[in-house]
Amino acid sequence: MARAIRIGVIGDFDESNTTHVATNTGIQHAAEALGHEFEVVWLPTDKPHHLGGFDGLFCSPGSPYRSLHGALQGIRFARENGIPFLGTCGGFQHLVLEYARNVLGFADADHAETNPYASQLFITPLSCSLKGKTMNLEVRPQTRSAAAYGALHSTENYYCNFGLNPQYTAQLEAAGLGVTGTDADGEVRIMEVEGHPFCIGTLFVPQARSERGRPHPLVLAFCRAAMQR
């Protein structure tokens, strides 16, 4: 019998958080569609973990995490070792922070939710909160995100109040963290690491729209990449 594909979820599980429950069920929906067993293991951010034992790493919603360092360490491991990675909501925000610190060299890159007076705020309050909103999404062609969707338009659910500080978008893109999805006003909603087998962050929560028999295409593509690794 083929072994189960192991997915490590970077985050601090809370059974009362609907997006955490949706993360588990969204991966299971994808597993059923792929016809393969998946094992989901939550990885508390304030504890050490052997990350090399996972086929894919998923950074969950629900920030601020207990340990910013622990979350960034997990994301960096996935990025540097070619492990399929998907970060949603808080996971998107921390993918940006990890890239800013360890690729762009902004050691003090920070998040306004946890350190609002930091000198280099890469994640700042959105001009209008997206918490509880459902919005249209435009996906850029010839990207991994577009390949996953099989389309250039979607509708997604949001749970966040923070996003990418637009003054850093050009620097991130020049360094290889590209914008691959926006809302109707051009605001950044998906980013992906160029040259990586699968490293995508979404400001929305795709797993919240997953259903049995209809897994979300991004979660399905992530799980497929984990199988193929």
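Quantities reported herein were computed from a predicted structural model and do not represent experimental measurements.

1. With respect to the overall build of the protein
Then, in step 1: The helix and strand inventory of the protein stands at six helices and twelve strands.
Then, in step 2: Since a compact globule built from 229 residues should have a radius of gyration of about 17 Å, the 16 Å found for the protein is in line with a globular shape.
Then, in step 3: Its C-alpha atoms put the protein at 55 × 40 × 35 Å along the principal axes.
Then, in step 4: Burial statistics for the protein: of 229 residues in total, 55% are counted as buried.
Then, in step 5: As presented, the protein carries roughly 10000 Å² of accessible surface, and 47% of it is formed by carbon and sulfur atoms.
Then, in step 6: For the protein, the distance from the average position of its 17 positive side-chain charges to the average position of its 22 negative side-chain charges is 4 Å.

2. What about the sheet that holds strand S7 (residues 134-139)?
Then, in step 1: One open sheet holds the nine strands; their spatial order is S2-S1-S3-S4-S12-S11-S10-S7-S8, and the pairing between them is mixed. One side of each edge strand has no neighbouring strand; the edge strands of this open sheet are strand S2 (38-43) and strand S8 (153-157). Strand-to-strand, the axes of this sheet are offset by a mean angle of 25 degrees, without reference to chain direction.
Then, in step 2: Pairing analysis gives two bridges linking S7 to strand S10 (residues 177-182), with the strands arranged antiparallel. Considered in S10, the bridge of Glu 138 is made with Thr 182.

3. Some remarks on the pairing of S2
Then, in step 1: In terms of strand pairing, strand S1 (residues 5-10) meets S2 through six bridges, oriented parallel. Each residue of the ladder has a partner; that of Ile 10, found in S2, is Leu 43.
Then, in step 2: Taking the sense of rotation as the criterion, the β-α-β connection linking S1, helix H1 (residues 18-34) and S2 turns out right-handed.

4. What to know about the pattern of salt bridges
Then, in step 1: For the structure on display, the rule yields nine salt bridges.
Then, in step 2: A salt bridge links Glu 39 to Arg 6, with the nearest nitrogen and oxygen atoms 3.3 Å apart. One end of the pair, Glu 39, is in strand S2; the other, Arg 6, is in strand S1, with 33 residues separating them in the sequence.
Then, in step 3: On the accessibility criterion, Arg 6 (25% relative accessible area) is partly exposed.
Then, in step 4: For Arg 66, the salt bridge identified is with Asp 46, shortest N-O distance 3.7 Å. Taken together, the residues Arg 66 in the loop between strand S3 (56-59) and helix H2 (68-80) and Asp 46 in the loop between S2 and S3 connect sequence positions 20 residues apart.

5. A look at the packing of aromatic side chains
Then, in step 1: If you walk through the whole model with that rule in mind, you get seven aromatic pairs.
Then, in step 2: Plain terms: the ring middles of Phe 58 and Phe 222 are 5.7 Å apart, the flat faces sit at 85 degrees to each other, and that makes the pair edge-to-face. Placement of the pair is Phe 58 in strand S3 and Phe 222 in helix H6 (residues 217-228), with a sequence separation of 164 residues.
Then, in step 3: Here the aromatic cluster, defined as three or more aromatic residues joined through ring pairs, consists of Phe 58, Phe 198 and Phe 222.

6. Some details on the sheet that holds strand S5 (residues 109-111)
Then, in step 1: If you trace the three strands from one edge of the open sheet to the other, you get S5-S6-S9, paired in mixed fashion. Taken across any chain shown, the strands that pair with only one partner, and hence form the sheet edges, are S5 and strand S9 (162-164). The average angle at which neighbouring strand axes cross in this sheet is 35 degrees, direction not considered.
Then, in step 2: Strand direction decides the pairing type here: S5 and strand S6 (residues 120-125), joined by three bridges, are parallel. Across the sheet, residue His 111 finds its bridge partner in S6, namely Ile 123.
Then, in step 3: Running at roughly 165 degrees to S5, helix H3 (residues 90-102) makes contact with S5, S6 and S9 of the sheet.

The rules behind the values
- Residues numbered from 1 in each chain as written.
- Predicted model: local features only at pLDDT ≥ 70, side-chain atom pairs only at ≥ 80, totals over all residues.
- Heavy atoms only, no water.
- Helix = DSSP H or I, 4+ residues; strand = E, 2+ residues; numbered from the N terminus.
- Rg over C-alpha atoms; globule rule 2.2 N^0.38 Å.
- Buried < 20%, exposed > 50% of the residue type's maximum accessible area, 1.4 Å probe, protein only.
- Areas by Shrake-Rupley, 256 points an atom, 1.4 Å probe, with all protein chains shown as cover.
- Lys, Arg positive; Asp, Glu negative; His and termini not counted.
- Charge placed at Lys NZ, Arg CZ, Asp CG, Glu CD.
- Pairing = 2+ DSSP bridges.
- Axes fitted to C-alpha atoms, helices over the stretch in contact; angles between N-to-C directions.
- Right-handed = clockwise from strand over helix to strand, strands pointing away.
- Salt bridge = Lys/Arg side-chain N within 4 Å of Asp/Glu carboxyl O.
- Phe/Tyr/Trp six-rings, centres within 6.5 Å; stacked < 30°, edge-to-face > 60°.
- Contact = heavy atoms within 4.5 Å.

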